[in-house]
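Chain and residue survey
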Amino acid sequence: MGINFCNVNFPRNGVLASGILGVTGCSMANVAENGAGGITCKSISKNERNGHPTPVAQVYEHGLLNAVGLSSTGIDNSNKELKYLRENSDAVVIASVFGATPEEFRDTAVMLDEKNVDIIELNISCPNVADEFGLAFSATPESAASVVKAVRPATNKPILVKLSPNFPNIGRIAKSCEDAGADGITAINTVGPGMLIDIHTYQPKLSNKCGGVSGPAILPIAIRCIYDIYKSVKIPILGMGGITTTEDAIQMIAAGARIYGVGTGVIIQGKDIFKKINNGIDAYLADKKISYDDLVGIAHKQ
Ligand SMILES: Cc1cc2nc3c(=O)[nH]c(=O)nc-3n(C[C@H](O)[C@H](O)[C@H](O)COP(=O)(O)O)c2cc1C
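Quick notes on the rules
Residues numbered from 1 in each chain as written. Predicted model: local features only at pLDDT ≥ 70, side-chain atom pairs only at ≥ 80, totals over all residues. Near = placed C-beta within 6 Å. Helix = DSSP H or I, 4+ residues; strand = E, 2+ residues; numbered from the N terminus. Nonpolar A, V, L, I, M, F, W, Y, C, P; charged D, E, K, R; others polar. Pairing = 2+ DSSP bridges. Axes fitted to C-alpha atoms, helices over the stretch in contact; angles between N-to-C directions. Contact = placed C-beta atoms within 7 Å. Buried ≥ 20, exposed ≤ 12 C-beta atoms within 10 Å, placed from the backbone. Core = buried A, V, L, I, M, F, W, Y, C linked by C-beta atoms within 7 Å.

**Details of the site of the ligand**
The local shell around the ligand holds 26 residues, among which Ala17, Gly19, Ser214, Gly263 and Thr264 are the closest. Broken down by secondary-structure element, the contributors of at least two residues to the shell around the ligand are β6 (63–66) and α8 (264–269). Partitioning the shell around the ligand into residue classes produces nine nonpolar, 15 polar and two charged.

This is the structure in structure tokens:
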């Protein structure tokens, strides 16, 4: 089923979330071949950046804890990988970018090779170096909007803003991004910070000690965030966070997501998770005798 999202036609529902199998063009194209309708690359910074030392991720019973630390191979290499993805798949290409200042977001977005990118996603869950507390840009309506305002005049591509669930009033933050010119909202990024401890060494399991939680544990938080955002904005939502089953994706869409995304679920269930979920959604709609458009935000109409 094709879906129009931000005036871009997605050949199928289901978007690969940023940071999972999203560094090489080859792995991204492979996820698309296995059923994803959109692919988000790992967040790109202008210059190459090392992330945290290993271990950076730990699977546990209810999800995943990670502190990769925004590693990036830089814009030039990322452009090559996005070119490969474009030439080897029919999926919509979403380029996730991040920066330490609004201007750095803009500069990185402008350096993307525009013929290989359909949508730009601003990952504003990274620290704002100008903020005296180093809070993420997504922490307040004002700082979130400052990034959108910097990037909006610099590109004609649709802009998605990726929001964090870790600050109060996600609906208001989404609204400030809409007012600043965003075309859509992606939510949610990881929840936290969280920590796991090794019961033999008594040390935190991640080198960074703390990390973001993803996977099934965060589904209820994600559903609530999408519900709040849907009430606050008119622009469409790419809803993600904890989806591993058809029922999870249907809840996300009922809460208001126009399209759904999966990250950790791909690690837990495999790349064909998108095919399974899309088949499940089709069967559900046929059984309920409702259209896909009827399902989007249906929880608000009851
Ligand atoms: C290992 C890992 C790396 C991630 N890296 C990024 C990233 O670079 N940029 C970003 O916006 N989100 C990143 N995320 C967050 C995911 O895109 C997604 O928002 C979050 O994991 C919730 O979805 P999920 O429960 O389906 O994984 C990362 C998540 C994981 C697990």
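Having seen the model, we can carry on.
**Focus on the sheet that holds β6**
The pairing of strands in a sheet comes from backbone hydrogen bonds and takes either a parallel or an antiparallel form. The strand order β5-β6-β12-β11 describes an open sheet built from four strands, whose pairing is antiparallel. What marks the edges here is a single partner per strand, and that holds for β5 (57–60) and β11 (191–194). For this sheet, the mean inter-axis angle between neighbouring strands, taken without regard to orientation, is 30 degrees. Pairing of β11 with strand β12 (residues 211–214), which is carried by two bridges, proceeds in the antiparallel orientation. Directly across from Val191, in β12, lies its bridge partner Val213.

**So, the sheet that holds strand β13 (residues 237–239)**
One closed barrel accounts for eight strands, arranged β3-β4-β7-β8-β9-β10-β13-β14; its pairing is parallel. In this structure, strand β4 (residues 38–40) lies alongside strand β7 (residues 92–97), joined through three bridges in parallel fashion. Bridging across to β7, Gly38 finds its partner in Val92. Contacts from helix α6 (residues 219–232) reach β10 (184–187) and β13, with the element oriented near 175 degrees to β13.

**Comments concerning helix α3 (residues 102–111)**
Regarding α3, the residues found buried are Pro102, Phe105, Arg106, Thr108 and Ala109. Along its buried surface, α3 packs onto α2 (75–87), β7, β8 (119–123) and α4 (141–151).

**Details of the nonpolar core**
Note on soluble globular proteins: their nonpolar side chains tend to be buried together. Ranked by internal contacts, the top residues of the largest apolar core, which has 96 residues, are Ile39, Val161, Ile185 and Ile226. If one sorts the elements of this core by residue count, α6 sits on top with eight residues. Discounting residues that sit within four places of it in the chain, Ile226 has contacts with Ala187, Ile237, Gly239, Met252, Ala255, Gly256 and Ala257.

**Focus: the environment of Gly74**
Relative to the helices and strands, Gly74 is located in the loop between β6 and α2. Between the C-alpha atoms of Gly74 and Gln269, which are 195 residues apart in sequence, the distance is 30 Å. Apart from residues lying up to four places away in sequence, Gly74 is in contact with Ser45, Lys46, Asn47 and Glu48.

**As for the environment of Ser207**
Mapped onto the elements, Ser207 comes out in the loop between β11 and β12. Separated by 79 residues in the primary sequence, Ser207 and Ala286 place their C-alpha atoms 48 Å from one another. Residues within four places of Ser207 in sequence aside, it is in contact with His52, Pro53, Thr54, Pro55 and Val56.

**A short note on unusual backbone geometry**
Across the junction of Thr54 and Pro55, the peptide omega takes the value -5 degrees, indicating a cis bond. Among the secondary structure elements, Pro55 is positioned in the loop between β4 and β5. For the bond from Gly192 to Pro193, the omega torsion is 5 degrees, close enough to zero to count as cis. Mapped onto the fold, Pro193 is located in strand β11. You will see that Lys209, though not glycine, has its phi angle at about 70 degrees, which is positive. Accessibility expressed as a C-beta count within 10 Å gives 14 for Lys209, which makes it partly exposed.

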